[in-house]
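So you can see what is in the structure, the chains are spelled out below.
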Amino acid sequence: MKLEIQKIIDEEKVEVNETLDFSKVEMPAMVVEPVKAKLIFENLGNREILVRGEIQAKLRLTCVVCLDEFDEELKIEVNETYIPQTYVENRKEERPIEELSEFTYTGNFLDTFEIVRDNILEFIPPYPKCPKCATKSEES
Ligand SMILES: [Zn+2]
């Protein structure tokens, strides 16, 4: 859903419980179940928004060792600050943008779908190993 920045500013704190369908979204890993997201948006002032909460997703991954498919549940803790893109452009010199967990938004809303998608993308393992192969490599 699209959450208006003004609504967050007016209400100081907005809680969103959402189930998102990723079955038709192109992702590097298949999201096998609807994603559950519980997000709390807090007004930090200056149009900066703190997003906290939890995302639960189930991914179907292919093991890099045995090539078997397996499901892995992701539980992602969200703790990010969103600032307007225009602020970043204006202050480029005083503060580097590479700061961790700082994201930008454009326009007057935050899209929960984009937040959830970005978080899942960040947590998809680059070299997934199924539980069996993961145990084997730990032993050797
Ligand atoms: Zn394996």
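Residues numbered from 1 in each chain as written. Predicted model: local features only at pLDDT ≥ 70, side-chain atom pairs only at ≥ 80, totals over all residues.

Let us look at the pairing of strand 4 (residues 35-45). Direction of pairing for strand 2 (residues 13-20) relative to strand 4: antiparallel, over a ladder of eight bridges. Bridging across to strand 4, T19 finds its partner in K36. In this structure, the hairpin formed by strand 4 and strand 5 (residues 48-62) is closed by a connection of two residues, where N46 is found at a positive phi of approximately 60°. (Pairing = 2+ DSSP bridges. Helix = DSSP H or I, 4+ residues; strand = E, 2+ residues; numbered from the N terminus.)

A positive phi angle, close to 60°, is found at N46, a residue other than glycine. Structurally, N46 is set in the loop between strand 4 and strand 5. Within the chain, L67 stands out as a residue other than glycine whose phi angle is a positive 65°. Position of L67 relative to the elements: it lies in the loop between strand 5 and strand 6 (69-84).

With that out of the way, let us pick up the environment of F113. By the element assignment, F113 lies in helix 3 (residues 112-123). Taking the C-alpha atoms as reference, F113 lies 9.3 Å from F22; in sequence the two are 91 residues apart.

Looking now at helix 3. With 12 residues, helix 3 extends 17 Å from end C-alpha to end C-alpha; this agrees with the ideal 16 Å at 1.5 Å per step. Along helix 3, the residues that are buried comprise T112, I115, V116, N119 and I120. Taken down its axis, helix 3 places every buried residue within 125° of arc, on the same side. Structural note: helix 3 exposes E114, L121 and E122 on the side pointing more than 90 degrees away from its buried face. (Expected span 1.5 Å × (residues − 1). Buried ≥ 20, exposed ≤ 12 C-beta atoms within 10 Å, placed from the backbone. Arc of directions from axis to C-beta.)

This brings us to the confidence of the model for the chain. Overall, the predicted model of the chain reaches an average pLDDT of 90, with 89% of residues at or above 70. When mean pLDDT is compared element by element in the chain, strand 2 scores highest at 98, while helix 2 (residues 85-91) scores lowest at 75. (pLDDT = per-residue confidence, 0-100.)

Next up on the list: the nonpolar core. Ranked by internal contacts, the top residues of the largest apolar core, which has 16 residues, are V35, F41, I49, V51, I55, A57 and V116. Mapped onto this core, the elements with two or more residues apiece are strand 4, strand 5 and helix 3. When residues in this core are grouped by element, the largest group, five residues, is from strand 5. Not counting the four nearest positions on each side in its chain, V51 is found in contact with L39, F41, V78, E80, Y82 and I115. (Core = buried A, V, L, I, M, F, W, Y, C linked by C-beta atoms within 7 Å. Contact = placed C-beta atoms within 7 Å.)

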